Amino acid sequence: MSSTPHDPFYSSPFGPFYRRHTPYMVQPEYRIYEMNKRLQSRTEDLYMASENQLCHIIGNYDDDDDDDDDTLILDSISKLNNDSDNLWWDAFATEFFEDDATLTLSFCLEDGPKRYTIGRTLIPRYFSTVFEGGVTDLYYILKHSKESYHNSSITVDCDQCTMVTQHGKPMFTKVCTEGRLILEFTFDDLMRIKTWHFTIRQYRELVPRSILAMHAQDPQVLDQLSKNITRMGLTNFTLNYLRLCVILEPMQELMSRHKTYNLSPRDCLKTCLFQKWQRMVAPPAEPTRQPTTKRRKRKNSTSSTSNSSAGNNANSTGSKKKTTAANLSLSSQVPIASIARSPVSGCALRT
């Protein structure tokens, strides 16, 4: 019985020194599952962070019963909630979206088709507006998605994607927004989203039967329940924010310049316009051409010696040319041999 060679890097999971293997590339759909899980734990995360900081805020004030202290505490709590919420959404976008990611939504309203594209800096606020519109839960369901691998990215195309939102106000409603979702992930260990394109086809608003039974005798409530609370599955908060992004997206350069150099809005606008004017007026830079260096041809030694011998022969007399040519032809054609002349016949004999 031949035993397999021992692997020095292998460690049995049942042994005392179990070591995890090298991190492997997870499936793209699993990243959507992680994103759904993070969205569901949002309330718990914010509650834990707010509770710790709230104790710190209250401890900074005296125990005296002062109305000014109560007002300051309430202002600090409201500011704390806003800051915690913004920080949480920034961390969420950093975990699942690339720094140059884009999010695109396409749908059709009563006044025609709409298409909104926002950049990375506006993505956290987009998800925040979903919850501000009365949504208490948000998750995505992918069915029969197709994956294609490229050199530096992974594309996921899901023609049967459903965005499910649970609304707590104005009434308890479950909204299922169906459409096509195309995602492009970076092909690395983080596997963050580079492009997000969701095309909405239809939506359904589901109201529990128990609520209808409770208000069966009230026609006003029934009329209110029969009205839609969303438009193509999106709340009015989200739609207004997408319309606002049409103005905010081109202003990202001004905002970043104001944040970096601490300039006034007017100075930021002047600087951006001047730089764009310079790029339009300045001619395109021509690519630098390397000077062509002429390579000197090396002369062959045999050709140089033959040319020099030809020049010497040209300067010599014609008789020398004839004798030299005769000697060269004779020496090249007749092999070396001793020649003796016979005294009897006077002809040359080869010995």
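Structural data are supplied above this passage.
On a predicted model such as this, the values are computed, not experimentally measured, just so you know.

1. Remarks on the overall build of the protein chain
Across its full length, the protein chain carries 11 helices and nine strands. Within the protein chain, the proportion of its 351 residues that are buried is 28%. Sequence-distant contacts, at least 24 apart, represent 58% of the contacts inside the protein chain between residues at least 6 apart. On the protein chain, roughly 25,900 Å² of surface is accessible, and the fraction owed to carbon and sulfur atoms is 55%.

2. A short note on the packing of helix α8 (residues 252–261) against helix α9 (residues 265–281)
Where α8 contacts α9, the two axes come as close as 9 Å, and the packing angle between them is 120 degrees. Looking at the two axes, α8 sits oblique to α9. In the packing of α8 onto α9, the handedness of the crossing is right-handed. The residues of α9 that touch α8, namely those facing Glu253, Leu254, Arg257 and His258, are Cys268, Leu269, Thr271, Cys272, Gln275 and Lys276. A per-class count over the contact of α8 with α9 returns four nonpolar, three polar and three charged.

3. Side note on helix α7 (residues 236–248)
Given a rise of 1.5 Å per residue, 13 residues ought to cover 18 Å, and the 18 Å separating the end C-alpha atoms of α7 matches this to within 8%. Regarding α7, the residues found buried are Thr238, Leu239, Tyr241, Leu242, Cys245 and Leu248. In this fold, the buried residues of α7 make contact with β1 (97–109), β2 (112–118), α4 (123–132) and α8.

4. Thoughts on the nonpolar core
Counting 45 residues, the largest nonpolar core has Phe92, Phe97, Phe107, Phe127, Tyr140 and Trp196 as the members making the most contacts within it. Examining the composition of this core, we find that six residues originate from one element, β1, more than from any other. Setting aside its immediate chain neighbours within four residues, Tyr140 contacts Ile32, Met35, Asn36, Phe127, Cys161, Thr162, Met163 and Trp196.

5. Some words on the environment of Lys174
Positionally, Lys174 belongs in strand β6 (residues 173–186). On the basis of relative accessible area, Lys174 is assigned to the partly exposed category, the value being 29%. C-alpha of Lys174 to C-alpha of Asp137: the two residues are 37 residues apart in sequence and 9.6 Å apart in space. Setting aside its immediate chain neighbours within four residues, Lys174 contacts Tyr139, Val164, Thr165, Gln166, Arg204, Glu205 and Leu206.

6. Observations concerning empty space enclosed by the protein
Regions of empty space are outlined by a rolling probe, equal in size to a water molecule, passed over the atoms. Throughout the structure, instances matching the rule amount to one cavity of 30 Å³ or more. The wall of the largest cavity is formed by Val130, Val135, Met163, Thr165, His167, Gly233, Leu234, Thr235 and Thr238. Counting residues per element, the lining of the largest cavity draws most heavily on strand β5 (residues 153–167), at three residues. Of the residues in the lining of the largest cavity, the class split is four nonpolar, five polar and no charged.

7. Describing the packing of aromatic side chains
In total, this model carries 16 aromatic pairs according to the counting rule given. Summarising the aromatic geometry, the rings of Trp88 and Trp89 are spaced 4.9 Å apart at their centres and angled 90 degrees between planes, so their arrangement reads as edge-to-face. The burial state of Trp88 is the same as that of Trp89; both residues are buried. Centre to centre, the rings of Phe97 and Phe127 are 6.0 Å apart; their planes meet at 50 degrees, and the pair counts as tilted. One end of the pair, Phe97, is in strand β1; the other, Phe127, is in helix α4, and 30 residues separate them in sequence. The class for Phe127 is buried, based on a relative accessible area of 0%. Clustering of aromatic rings is evident, with ring pairs tying together Trp88, Trp89, Phe92, Phe96, Phe97, Tyr126, Phe127, Phe131, Tyr140 and Trp196. Cation over ring: Arg42 sits above Phe131, and NZ or CZ is 4.6 Å from the ring centre.

8. Thoughts on the side chain of Arg192
Relative to the elements of secondary structure, Arg192 occurs in the loop between β6 and β7 (193–206). The buried category is assigned to Arg192, whose relative accessible area is 12%. A polar contact is formed between the side chain of Arg192 and the backbone oxygen of Thr94, at a distance of 2.8 Å. Not counting residues within four places of it along the chain, the set of residues in contact with Arg192 comprises Arg31, Thr94, Glu95, Phe96, Phe97, Glu98, Asp99, Glu184, Phe185 and Thr186.

9. Remarks on helix α1 (residues 28–40)
For α1, which comprises 13 residues, the first-to-last C-alpha distance of 19 Å matches the rise-based estimate of 18 Å (1.5 Å per residue) to within 8%. The complete set of buried residues in α1 reads Pro28, Arg31, Ile32, Met35, Asn36 and Leu39. The buried side chains of α1 occupy one side of the element, clustering within an arc of 145 degrees when seen end-on.

10. Quick word on the layout of surface pockets
Size it by volume and the largest pocket reaches roughly 190 Å³. What lines the largest pocket is simply Thr121, Gln252, Met255, Ser256, Lys259 and Thr260. Considered class by class, the residues forming the lining of the largest pocket number one nonpolar, four polar and one charged.

11. Some details on unusual backbone geometry
Excluding glycine, residues mostly have negative phi values, and the peptide bonds linking residues are mostly trans. One non-glycine residue, His144, lies in positive phi territory at about 55 degrees. With respect to the helices and strands, His144 occurs in the loop between β3 (135–143) and β4 (146–149). Residue His144 is classed as exposed on the basis of its relative accessible area of 66%. Positioned with a positive phi, Asn262 is a non-glycine residue whose angle comes to about 55 degrees. With respect to the helices, strands and loops of the structure, Asn262 is situated in the loop between α8 and α9.

Calculation criteria
- Residues numbered from 1 in each chain as written.
- Predicted model: local features only at pLDDT ≥ 70, side-chain atom pairs only at ≥ 80, totals over all residues.
- Heavy atoms only, no water.
- Helix = DSSP H or I, 4+ residues; strand = E, 2+ residues; numbered from the N terminus.
- Buried < 20%, exposed > 50% of the residue type's maximum accessible area, 1.4 Å probe, protein only.
- Contact = heavy atoms within 4.5 Å.
- Areas by Shrake-Rupley, 256 points an atom, 1.4 Å probe, with all protein chains shown as cover.
- Axes fitted to C-alpha atoms, helices over the stretch in contact; angles between N-to-C directions.
- Parallel < 35°, antiparallel > 145°, perpendicular 65-115°, else oblique.
- Left-handed = near helix turned anticlockwise from the far one by under 90°.
- Nonpolar A, V, L, I, M, F, W, Y, C, P; charged D, E, K, R; others polar.
- Expected span 1.5 Å × (residues − 1).
- Core = buried A, V, L, I, M, F, W, Y, C linked by side-chain atoms within 4.5 Å.
- 1 Å grid on protein atoms, 1.4 Å probe; cavity = no way out; pocket = protein on both sides within 12 Å on 5 of 7 lines; lining within 4 Å.
- Points joined across faces, edges and corners; volume = space filled by probe spheres on them.
- Phe/Tyr/Trp six-rings, centres within 6.5 Å; stacked < 30°, edge-to-face > 60°.
- Lys NZ or Arg CZ within 6 Å of the ring centre and 35° of its normal.
- Polar contact = N/O pair within 3.5 Å; in protein donor to acceptor, adjacent residues only side chain to side chain.
- Arc of directions from axis to C-beta.

Limitation: the analysis is restricted to geometry and does not speak to function.
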